[in-house]
Amino acid sequence: MKLRLPVISVYTVPTDAPEADGTLAWNATTVVLAEVTSGDTTGTGWTYGPAAIGDFLRDHLAPLLEGRNALDIPAAHDVMSRAIRNAGRPGVAACAISALDIALWDLKARLLELPLARLLGACRERVPVYGSGGFTTYHDKHLAAQLNGWVHGQHIPRVKIKIGEDWGHSVQRDVARVEAARQVIGPEAELYVDANGAYNRKQAVRVGRALDEQGVGWFEEPVSSDDLPGLRLVRDTLGCDVTAGEYGYDLPYFARMIDAGAVDCLQVDATRCGGITEFLRAAALAQAHGLEVSAHCAPHAHAAVAAAIPNLRHIEWFHDHVRMEDMFFTGALDPKGGTVAPTRGMGHGLTLRALEVEEYQVA
């Protein structure tokens, strides 16, 4: 079961409306796809980030996999991790490893004619999701429509919106949007917020006390995820859970965050941290310290591995990525009722609509 040279492609898709969070604005999303083939079977993986990830994959990582045994994923992961020593792991290199690792796991499951969740070993048949979007650029009607769609349309009982607008310089509007969101979703649904590191420490505490009044249970990146003492301060001060981890590109990052007591729930992103292989390691590290894990973004890349870890809280049903994954693949999951079932079909259950998305290909 030898691997052929992986095929890499890059696509950029405009957003369906202007989008921003507390510290960044964007109008398009780029996805980098990796396809690995053994015999007549192909596995697909992907990551979100700059198009340069595609160049890095073609030039540095894809050639390392050609001729390797398709079933020996730990060996492939290790050879890629060693090869990027001088390039630096965080960022482009880690995302590149992630795309190929996800593809390798998909391929292995398909070669063995198993759903990926069964290959990994399922802890649960259904995986909880939370609706995620609520960008700071949304006007009130747009925000209400999105929240209504999740909570009252698809019956997803937990949702998240962005706050921290303009690097924390619009706190009054932040609080007003949280109040409006609570009115839309009602008293029973869980309400989460994500500041994307926009606030300073004392500001995050002040905002967090206003969030407590609206029953917000999840405060994501109230300060920069690089400020571990600041996260710990906010965590110790407020009643809501403080979370972070989406910028973890290697296992030591998660170890430092856990050792600092910085979070109540560890976020991990398989499209950044090194794929499913490293996601499983991070989840085990979190479990050893009594923490749950929440999968960040890219829900279809996470559904199977989320089903396989005992300390899962939920996965993020992120608007941009849900839209793109539904556009790019057949077999997209249905979150109605607040869960998805990733234990059907072969591999991760998705098949690329290559011809239908050709117009978005940029490399």
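Rules and cut-offs
Residues numbered from 1 in each chain as written. Predicted model: local features only at pLDDT ≥ 70, side-chain atom pairs only at ≥ 80, totals over all residues. Heavy atoms only, no water. Helix = DSSP H or I, 4+ residues; strand = E, 2+ residues; numbered from the N terminus. Buried < 20%, exposed > 50% of the residue type's maximum accessible area, 1.4 Å probe, protein only. Polar contact = N/O pair within 3.5 Å; in protein donor to acceptor, adjacent residues only side chain to side chain. Contact = heavy atoms within 4.5 Å. Axes fitted to C-alpha atoms, helices over the stretch in contact; angles between N-to-C directions. Parallel < 35°, antiparallel > 145°, perpendicular 65-115°, else oblique. Left-handed = near helix turned anticlockwise from the far one by under 90°. Nonpolar A, V, L, I, M, F, W, Y, C, P; charged D, E, K, R; others polar. Core = buried A, V, L, I, M, F, W, Y, C linked by side-chain atoms within 4.5 Å. Pairing = 2+ DSSP bridges. Phe/Tyr/Trp six-rings, centres within 6.5 Å; stacked < 30°, edge-to-face > 60°. Disulfide = S-S within 2.5 Å. Salt bridge = Lys/Arg side-chain N within 4 Å of Asp/Glu carboxyl O.

1. Let's talk about the side chain of H296
Right, on to step 1. Following the sequence through the fold, H296 ends up in the loop between β10 (292-295) and α13 (299-308).
Right, on to step 2. Overall, the relative accessible area of 5% leaves H296 in the buried class.
Right, on to step 3. A distance of 2.7 Å separates a polar atom in the side chain of H296 from a polar atom in the side chain of D269.
Right, on to step 4. Excluding anything up to four places from it in sequence, H296 contacts E220, E246, Q267, V268, D269, R272, H302 and E316.

2. What to know about the packing of helix α2 (residues 73-83) against helix α3 (residues 92-111)
Right, on to step 1. Where α2 meets α3, the closest approach of the two axes is 10 Å, and the angle between their N-to-C directions is 170°. When the interaxial angle is binned, α2 and α3 end up roughly antiparallel. In terms of crossing hand, the pair formed by α2 and α3 is right-handed. Residues I73, A76, H77, M80 and S81 of α2 touch α3, and the partners they reach there are I97, L100, D101, L104, W105 and K108.
Right, on to step 2. Looking at the contact of α2 with α3, its residues break down into seven nonpolar, two polar and two charged.

3. Regarding the nonpolar core
Right, on to step 1. By size, the foremost hydrophobic cluster in this structure holds 113 residues, and its most contacted members are I163, F219 and F328.
Right, on to step 2. At 14 residues, the largest contribution of residues to this core is made by α3.

4. Remarks on the sheet that holds strand β3 (residues 41-48)
Right, on to step 1. The strand order across the open sheet formed by three strands is β1-β2-β3, and the pairing between neighbours is antiparallel. Two strands lie at the open edges of the sheet, namely β1 (7-20) and β3, each paired on one side alone. Strand-to-strand twist in this sheet, taken as the mean axis angle between neighbours without regard to direction, amounts to 25°.
Right, on to step 2. The strands touched by helix α1 (residues 52-65) within the sheet are β1, β2 (25-38) and β3, with β1 carrying the most contacts at an inclination of about 165°.

5. Some words on unusual backbone geometry
Right, on to step 1. A positive phi is found at N196, a non-glycine position, where the angle reads about 50°.
Right, on to step 2. If you trace the backbone, N196 turns up in the loop between β6 (190-194) and α8 (201-213).
Right, on to step 3. For A298, which is not a glycine, the phi torsion comes out positive at approximately 40°.
Right, on to step 4. The class for A298 is buried, based on a relative accessible area of 0%.

6. Digging into the packing of aromatic side chains
Right, on to step 1. Counting across every chain of the model gives ten aromatic pairs.
Right, on to step 2. Judged by centre distance (5.9 Å) and plane angle (55°), the rings of Y130 and W218 are tilted. A residue pair is termed long-range when its members are at least 10 positions apart, and Y130 in strand β4 (residues 127-132) and W218 in strand β7 (residues 216-220) qualify at 88 residues.
Right, on to step 3. Using a relative accessible area of 0% as the deciding quantity, one classes W218 as buried.
Right, on to step 4. Summarising the aromatic geometry, the rings of Y199 and F219 are spaced 6.4 Å apart at their centres and angled 70° between planes, so their arrangement reads as edge-to-face. Here Y199, found in the loop between β6 and α8, pairs with F219, found in strand β7; they are 20 residues apart in sequence, far enough to count as distant.

7. Let's talk about the state of the cysteines
Right, on to step 1. Scanning the model with the defined rule gives zero disulfides in all.
Right, on to step 2. Considering cysteine sulfurs only, C273 is the nearest to C95, which forms no disulfide, with 9.6 Å between them.
Right, on to step 3. Taking the relative accessible area as the measure of exposure, C95 reaches 5% and is therefore buried.
Right, on to step 4. For C123, which is in no disulfide, the shortest distance to another cysteine sulfur is to C265 and amounts to 16 Å.
Right, on to step 5. A relative accessible area of 44% places C123 in the partly exposed class.

8. Some thoughts on the pattern of salt bridges
Right, on to step 1. Counting across every chain of the model gives 20 salt bridges.
Right, on to step 2. Between R201 and D227 there is a salt bridge, with the nearest N and O atoms lying 2.8 Å from each other. With R201 in helix α8 and D227 in the loop between β7 and α9 (228-237), the pair connects residues that are 26 residues apart, well separated along the chain.
Right, on to step 3. For E292, the salt bridge identified is with R313, shortest N-O distance 2.7 Å. Taken together, the positions of E292 in strand β10 and R313 in strand β11 (residues 312-318) put the pair 21 residues apart, joining distant regions of the chain.
Right, on to step 4. A network of salt bridges, in which partner residues are shared, links K160, K162, D194, E220 and E316.

9. Description of the side chain of T136
Right, on to step 1. Locating T136 in the fold gives a position in the loop between β4 and α5 (140-153).
Right, on to step 2. Beyond its immediate chain neighbours, meaning those up to four positions away, T136 contacts A20, D21, K162, I163, E165, R173 and R177.

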